[in-house]
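The primary structure of each chain is shown beneath.
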Amino acid sequence: MPLFPPLLRAAALTTLALLLGGCRDDSEPAATRAAPTDPALAALYASTCKTCHANPASGAPLAGDTAAWAPRLAQGTERLLDHSINGYQGMPPMGLCMQCSEAQFLALIGYMAGQPLH
């Protein structure tokens, strides 16, 4: 008698295929979004914001994830700017961008949120 009868082997392989098939995600994650088109802003994003806003494990809203940014945008520009400058929950003060101006923070937030801020 074989160690694994053919019927049992087929059932095990089918179960494994179904389980592994559920792990696949064909959607493009928001974090793979192209960098800002402005080279200076792209450099700032890459050296500061990207550390958390392109890493799903960080808990920060991902760049380009409009659903995650919508409730934050609803709080208003002043609140977003305050959180960027003073820190909020897990976000460090200045978002580790000590050289960023308020205008640059707004441009970076606008890029990550998917809509320009004024």
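Quick notes on the rules
- Residues numbered from 1 in each chain as written.
- Predicted model: local features only at pLDDT ≥ 70, side-chain atom pairs only at ≥ 80, totals over all residues.
- Heavy atoms only, no water.
- Helix = DSSP H or I, 4+ residues; strand = E, 2+ residues; numbered from the N terminus.
- Buried < 20%, exposed > 50% of the residue type's maximum accessible area, 1.4 Å probe, protein only.
- Polar contact = N/O pair within 3.5 Å; in protein donor to acceptor, adjacent residues only side chain to side chain.
- Disulfide = S-S within 2.5 Å.
- Arc of directions from axis to C-beta.
- Axes fitted to C-alpha atoms, helices over the stretch in contact; angles between N-to-C directions.
- Parallel < 35°, antiparallel > 145°, perpendicular 65-115°, else oblique.
- Left-handed = near helix turned anticlockwise from the far one by under 90°.
- Contact = heavy atoms within 4.5 Å.
- Nonpolar A, V, L, I, M, F, W, Y, C, P; charged D, E, K, R; others polar.

Please explain unusual backbone geometry as it appears in this structure.
Among all residues except glycine, the phi angle is most often negative; among peptide bonds, the trans geometry is most common. Look at Q89: it is not a glycine, yet its phi comes out positive at around 50°. Structurally, Q89 is set in the loop between α4 (77-86) and α5 (102-113). For Q89, a relative accessible area of 73% gives the class exposed. A positive phi angle, close to 65°, is found at M94, a residue other than glycine. Summarising the element assignment, M94 is placed in the loop between α4 and α5.

Honestly, the side chain of H53 in this entry has me stumped. Any pointers?
Here H53 lies in helix α2 (residues 39-53). Judged by its relative accessible area of 10%, H53 is buried. Engagement of the side chain of H53 in a polar contact is seen with the backbone oxygen of P61, the distance being 2.6 Å.

Would you mind going over the state of the cysteines with me for this structure?
Note on terminology: a disulfide is the covalent bond linking the sulfur atoms of two cysteines. This structure, assessed with the given rule, holds one disulfide. The disulfide partner of C97 is C100, and the S-S distance across this bridge is 1.8 Å. Handedness of the C97-C100 disulfide follows from its S-S torsion of about 70°: it is right-handed. In this structure C97 comes out as buried when scored by relative accessible area, which is 1%. Take C100: its relative accessible area is 8%, and that puts it in the buried class. Note on C49: no disulfide assigned, nearest cysteine sulfur contributed by C97 at a separation of 6.4 Å. Between C52, a free cysteine, and C49, which holds the nearest cysteine sulfur, the sulfur-to-sulfur gap is 9.0 Å. Relative accessible area serves as the criterion here: at 32%, C52 is assigned to the partly exposed category.

Please clarify how α4 should be interpreted in this entry.
What sets the pattern is the α-helix's 3.6 residues per turn: residues three or four places apart point alike. Three or more residues of α4 are buried, namely L80, L81, H83 and S84. Seen along its axis, α4 keeps its buried residues to an arc of 160°; they face one direction. G87, located one to two residues past α4, shows a positive phi value of around 85°.

Mind showing me how you'd approach the packing of α2 against α5 here?
To characterise two packed helices, one gives the angle between the axes of the helices and the distance between these axes. Orientation of α2 relative to α5, taken along the N-to-C sense of each, is 60°, at an axis distance of 11 Å. When the axis of α2 is compared with that of α5, the two are oblique. For the crossing formed where α2 meets α5, the hand is right-handed. Facing L41, L44, Y45, C49 and H53 of α2, the residues of α5 in contact are Q104, A107, L108, Y111 and M112. Of the residues contributing to the contact of α2 with α5, the split by class is eight nonpolar, two polar and no charged.

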